Each structure stands twice: as C-alpha cells, then as structure tokens.
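Coordinate inspection notes
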Amino acid sequence: MKFTKMHGCGNDYIFINCIYEKVNNPDKLSRTLSDRHLGIGADGLVLIGDSLIADYSMRMFNPDGTSAEMCCNALRCIGKYVYETKMTSKTTITVETIAGVKTLLLTVRQERVVEVMVDMGKPVLDAGAIPVVTEMETVKDEELTVLDRTFFITCVSVGNPHAVVFVDHVAGFPVSKYGLPMEHNLKFPNRINVEFVQVVDRNNIKMRVWERGTGETLACGTGTAASVVAGIITDRLDEDVMVHCKGGILKVHYDRNQNVIYLSGPAKKVFDGEFDPEDIY
C-alpha cells in the first residue's frame with residue numbers, strides 16, 4: 001500500500017490516497033503507523049477519498065486510533081498533494097470533512113504549491129455546541145483548576161473543540177503536565193485540544209498545543225485559529241495575527257463582519273513510501 005508523508009509546520013501525517021487504495025481498520029492502522037519507533041511515525045493518519053458534495057473527502061485518525069473532525073494542517077497538505085500529483089489543475093479546491101466542507105485556495109509557483117489558505121468557516125462559541133459543561137452560554141476566561149494550578153480558559157470550536165489558556169511565557173511551560181489532565185477533564189465530554197498562548201503584541205502570539213489523542217505537536221491549524229478567535233473575543237488581539245508555533249509560523253485573519261476565519265501556511269512533502277498491509281494486520 002502506497003503512502004505519502006507530509007507536514008504543515010511540523011504537524012506531520014501519513015496520507016493514503018483511498019481513491020486508489022482500500023484501507024481496512026483505519027483506527028488500528030493509525031495506531032501502528034503513527035508510532036515513531038515501530039511505525040512510520042506521525043501525528044496521525046489521513047485518508048483522501050472521493051466525495052459526493054466536494055472535490056475530495058478527508059478522514060483523520062489520531063495516533064491513539066480515535067477519529068478527529070478536522071485538521072487544518074492536514075487539509076493544506078491535501079491541497080498540495082492533489083495538485084502536485086496532477087489529480088486536479090484547480091487552485092480552488094473543496095474538501096469534505098466531518099466538520100463540513102472546507103475550501104482551499106492554493107498559491108502556485110512554477111507548478112509547486114507554496115502556500116494554502118483555508119476558509120475555515122465560522123467559529124462556534126456556544127458552550128453546549130463545543131461542548132463544555134458550564135452554566136455560561138460562552139466560556140470566556142472561565143476558571144478551571146487542574147492539578148495544582150488554576151487557569152482561565154476560553155473555549156472555541158472550529159470544527160473540533162479547543163480550550164485556550166493565556167500564559168505569561170510558553171517557553172519551558174509544562175505542556176504535558178497540564179495538557180493531558182485538561183484534555184480528559186469532565187468539563188469536556190468529548191475531550192478537548194488545549195492551546196497555551198503567550199501574547200507578544202496584538203498581531204503576534206506564541207503557541208504550544210496539546211492535541212486530543214496525540215499529545216504535544218509542533219503546530220495545530222485549528223488550534224491556531226481557535227487561539228486567535230479567543231484572543232479577539234477577550235480583547236487581546238486584532239484581526240490579523242501571526243502565530244508562532246514550535247514548527248513554524250501560521251497566518252490567521254478573522255473577518256468579524258462575515259464571522260469567518262482564514263488560515264494560511266505552508267505544506268511540505270517529506271517522502272513517498274510503501275508498506276505491506278499483511279505486516280500491519
């Protein structure tokens with residue numbers, strides 16, 4: 001079975017083109033292939049498929065085998081993949097996800113995709129829809145005690161759920177110490193992605209992320225978008241923000257008039273490969 005390893009700002013995934021390949025037990029396959037010692041190594045598995053309502057479809061599985069609704073870094077990689085493998089000549093592409101159809105705008109130079117902008121749609125702030133267990137309609141700088149520390153969280157869904165925590169400094173912050181118990185806190189019925197964010201100024205932030213079902217990753221597209229929205233609704237940020245992740249920089253524009261998030265960033269191919277499914281199953 002053929003695969004392609006790609007990443008967006010270090011957030012790396014194994015992509016399988018299911019238009020041509022058939023994948024059985026993708027949850028088990030993701031657990032096996034994502035292992036960085038015994039498998040290929042990745043932040044998860046992404047299946048590219050056909051769609052009746054979009055140009056393509058995306059299914060994503062975390063390293064623990066759970067399914068995720070959306071991943072903006074993976075979406076950008078799909079845009080690069082389908083264009084550079086000549087599956088399409090279009091520079092505007094739609095992709096069906098569990099979180100709905102997303103539109104990708106490709107920037108192409110000399111037949112190479114150098115940047116992809118994703119129209120991520122409208123952020124969800126309603127606590128019940130995210131979901132978050134709270135008496136408030138929205139969770140904005142709400143206290144949450146985890147282990148020995150009390151945080152102030154702002155919750156946003158951009159197709160998947162996020163809790164954004166603003167801290168003084170992200171360098172050296174014990175992300176795994178607090179990220180894991182926060183992910184599994186009873187306040188979040190479907191678990192949660194957690195972003196620890198340092199505001200540099202109103203147009204720049206530093207972010208580290210604990211991804212649900214994965215752990216700390218070098219970047220998270222949806223987490224980047226959620227962090228910017230959280231910063232705007234708490235009056236910490238303006239509408240155009242450069243997000244500095246451990247793996248690179250992503251650009252977010254939040255159009256408040258249309259209530260739409262746009263995220264731009266790179267997508268990189270690492271290598272192609274092939275494995276025998278019988279060795280996996």
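Our structure is the block above this text.
The sections below set out a description of the structure shown in this document. Just so we're clear, the structure is a prediction, and the values are computed from it rather than from any experiment. (Residues numbered from 1 in each chain as written. Predicted model: local features only at pLDDT ≥ 70, side-chain atom pairs only at ≥ 80, totals over all residues. Heavy atoms only, no water.)

Glancing now at helix α1 (residues 26-34). All of the buried residues in α1 are P26, L29, S30, L33 and S34. The buried residues of α1 occupy an angular sector of 110 degrees when the element is viewed end-on, so they sit on one face. Buried residues belonging to α1 abut β2 (11-17), β3 (45-49), β4 (56-61) and α5 (277-280). (Buried < 20%, exposed > 50% of the residue type's maximum accessible area, 1.4 Å probe, protein only. Helix = DSSP H or I, 4+ residues; strand = E, 2+ residues; numbered from the N terminus. Arc of directions from axis to C-beta. Contact = heavy atoms within 4.5 Å.)

To continue, consider the pairing of strand β12 (residues 193-201). As judged from the five bridges shared by strand β11 (residues 161-166) and β12, these two strands associate in the parallel manner. Within β12, the position partnered with H162 by the bridge is N193. Sheet topology places β12 next to strand β13 (residues 204-211); seven bridges connect them, and they run antiparallel. If you follow E195 over to β13, its bridge partner there is V209. Two successive antiparallel strands, β12 and β13, enclose a turn made up of two residues. (Pairing = 2+ DSSP bridges.)

Another aspect to go through is the pattern of salt bridges. Taken as a whole, this structure holds 18 salt bridges when the rule is applied. When the shortest N-O distance is used, the salt bridge between R36 and D12 registers 2.9 Å. Of this pair, R36 sits in the loop between α1 and β3 while D12 sits in strand β2, and the two are 24 residues apart along the sequence. In this structure, D64 engages R191 in a salt bridge whose closest nitrogen and oxygen atoms are separated by 3.3 Å. Taken as a pair, D64 in the loop between β4 and β5 (67-68) and R191 in the loop between α3 (175-183) and β12 lie far apart in primary sequence, 127 residues in all. Because the salt bridges share partners, they merge into one network encompassing K5, D12, R36 and D43. (Salt bridge = Lys/Arg side-chain N within 4 Å of Asp/Glu carboxyl O.)

Turning our eyes to something else, we now look at α3. Among the residues of α3, those classed as buried are V175, Y178, G179, M182 and E183. When α3 is viewed along its axis, its buried side chains cluster within an angular range of 125 degrees and face the same direction. Buried residues along α3 sit in contact with β9 (142-146), β10 (149-157), β11, β12, β13 and β14 (215-217).

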